[in-house]
Every structure is written in structure tokens, then in C-alpha cells.
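If you want the building blocks of each chain, they are given just below.
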Amino acid sequence: MNSKTIISLIHLDDELRKEYNLSLGYYIGIDICREEGSNYNCTPKDAIVFAFTGMGGDHFAFDTKNGTIKDLDKAPVLFIQPMMFDHPVKLVAEHIRDLFSIFLTLKEFYILERFDRYQKESDMVEDLEKHYKDSIVSRQHEIHFISERLQERLNITPIPNLFQYITKINGKGNL
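Reading the values: rules and limits
Residues numbered from 1 in each chain as written. Predicted model: local features only at pLDDT ≥ 70, side-chain atom pairs only at ≥ 80, totals over all residues. Heavy atoms only, no water. Helix = DSSP H or I, 4+ residues; strand = E, 2+ residues; numbered from the N terminus. Expected span 1.5 Å × (residues − 1). Buried < 20%, exposed > 50% of the residue type's maximum accessible area, 1.4 Å probe, protein only. Arc of directions from axis to C-beta. Polar contact = N/O pair within 3.5 Å; in protein donor to acceptor, adjacent residues only side chain to side chain. Salt bridge = Lys/Arg side-chain N within 4 Å of Asp/Glu carboxyl O. Phe/Tyr/Trp six-rings, centres within 6.5 Å; stacked < 30°, edge-to-face > 60°. Core = buried A, V, L, I, M, F, W, Y, C linked by side-chain atoms within 4.5 Å. Contact = heavy atoms within 4.5 Å. Pairing = 2+ DSSP bridges.

A. Spatial organisation of helix 1 (residues 4-20). Its 17 residues give helix 1 an end-to-end C-alpha distance of 24 Å, which sits within 8% of 24 Å, the value for a rise of 1.5 Å per residue. Buried within helix 1 are the following residues: Thr5, Ile6, Leu9, Ile10, Leu12, Asp13 and Leu16. Buried residues along helix 1 cover an arc of 160° about the axis, so they all sit on one side. Those residues of helix 1 that are exposed and aimed more than 90 degrees away from the buried face are Lys4, Lys18 and Glu19. Phi turns positive one or two residues past the end of helix 1, at asparagine 21, with a value near 60°.

B. A look at the environment of aspartate 123. Residue placement: aspartate 123 occurs in helix 4 (residues 121-131). Each C-alpha atom, one on aspartate 123 and one on aspartate 31, is 29 Å from the other, the two residues being 92 residues apart in sequence. Looking at aspartate 123, its side chain comes within polar contact range of the main-chain nitrogen of glutamine 119, at 2.9 Å.

C. Layout of the pattern of salt bridges. Using the criterion set out here, one finds 10 salt bridges in the structure. Taking the shortest distance from any N to any O, the salt bridge between arginine 34 and aspartate 13 comes out at 2.7 Å. Taken together, the residues arginine 34 in the loop between strand 1 (31-32) and strand 2 (47-52) and aspartate 13 in helix 1 connect sequence positions 21 residues apart. Classification of aspartate 13 by relative accessible area gives buried; the value is 9%. Lysine 65 is paired through a salt bridge with aspartate 63; the nearest N and O atoms lie 3.2 Å apart.

D. Layout of the packing of aromatic side chains. For the coordinates displayed, the defined rule picks out 11 aromatic pairs. With centroids separated by 4.4 Å and ring planes inclined at 35°, the aromatic side chains of phenylalanine 50 and phenylalanine 62 adopt a geometry described as tilted. Here phenylalanine 50 is found in strand 2, whereas its partner phenylalanine 62 is found in strand 3 (residues 59-63), with 12 residues between them in sequence. Each member of the pair, phenylalanine 50 as well as phenylalanine 62, carries the same accessibility label: buried.

E. How the structure looks around the nonpolar core. Core analysis: the largest hydrophobic core is formed by 57 residues, its most contacted members being Ile28, Phe60, Leu99, Phe100, Leu112, Phe115 and Leu150. The element that contributes the greatest number of residues to this core is helix 3 (residues 96-106), accounting for 7 residues. Beyond its immediate sequence surroundings of up to four residues, leucine 99 is in contact with Phe50, Phe60, Val77, Val92, Ala93, Phe109 and Leu112.

F. Geometry of the pairing of strand 2. Among the 6 residues that make up strand 2, 5 are buried, leaving the element largely enclosed by the rest of the structure. Note that strand 1 and strand 2 share 2 bridges and pair antiparallel. Bridge assignment links aspartate 31 to a residue of strand 2, and that residue is phenylalanine 52. Across 5 bridges, the pairing between strand 2 and strand 3 is antiparallel. From the neighbouring strand, phenylalanine 52 faces strand 3, where its bridge partner is histidine 59. Connecting strand 2 to the antiparallel partner strand 3 that follows it, the hairpin turn spans 6 residues, and glycine 54 within it adopts a positive phi of roughly 85°.

G. Inspection of the sheet that holds strand 3 at higher detail. Pairing in this open sheet of 5 strands is antiparallel, and the strands run 1-2-3-4-5 from one edge to the other. Among the strands making up the open sheet, the edge pair consists of strand 1 and strand 5 (89-93).

Written as C-alpha cells, this is what we have:
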């Protein structure tokens, strides 16, 4: 895969396995593919799968815009959920580094599946409190540990107004 970010994440995964006997996936909830992952019927034909959640075939992929984007670090990121029959493909980030900035902000990737339900930022905050807070609090040490490493390795920071960011990118062209 033509992505410096993926290569950095694989190196981080290797280091975590060697030093702590734990994978990057343990900390962030998704496993980064070392080679292009398998597509499902609902995966866009030009998408390149780079991560799996391990739940129901859910995966992340680069949207190559019909092969016109060669540098995958610049490709939009899709979250694909084969079991969400009505709308299995969601645009979730302008590029992969933003995806990991989203993780720094939310401390969780799975809330991305719910963004189309929110009419306003307070809906997102309320949902995060109700459905994700306990899990995030119980994993706070692990999240802090991996967040520091992701910030350092990928040179990223949290996204200040995430609701506005997601709304903006989805206003550019829903899938």
C-alpha cells in the first residue's frame, strides 16, 4: 500500500507487540492490514481496505476516486459496515491522519457509525455520554498511552470541533 501512515502504524504495531506483547488493535479497536484487505460486496470497487474492526465485517478503506488518488495518505477514508444494509458506506475522514485525529478526539472509532443520526453537536455529546463514556473511562490509561504514541508517530492532534468537521466533509458529497 502506498501510505507512509500505514507503514508508521505497522511499525508501531510491531514495537507494541515486541515491548508489551499487545497489538495496536488492542489499544485502538481496529487492526491495520499489512497487505490490502478483502473487499465485501458493499465495498466500493476502487476502495483499498486498510483496517478491520473484527465486528460484522466492518472495515476502513481508502477511497481512491476511481484510481485517481495514488498517494493513499491523501485519499478520503470510508467506514464500511456490511450489516448496515441501508447505508453501509460512510465518509468519515478527509485522509488517514485525520481518522487518527478523530480517535484522539473521541477515544473511540465506533461512534463514527452513528454520525448520520446527529442533527446537532449536543446529540453527539449526549450519545457519547450514554453509550461510550463507561468504556472510555475503563480504558483511560490505555487510551492515554496509545494517544501519546499516535500523536508523536503521526504528528497529529485532536480535531477541535469534530461535529463540524464530519458535517463539512459529508456536505461535500454523500456516498
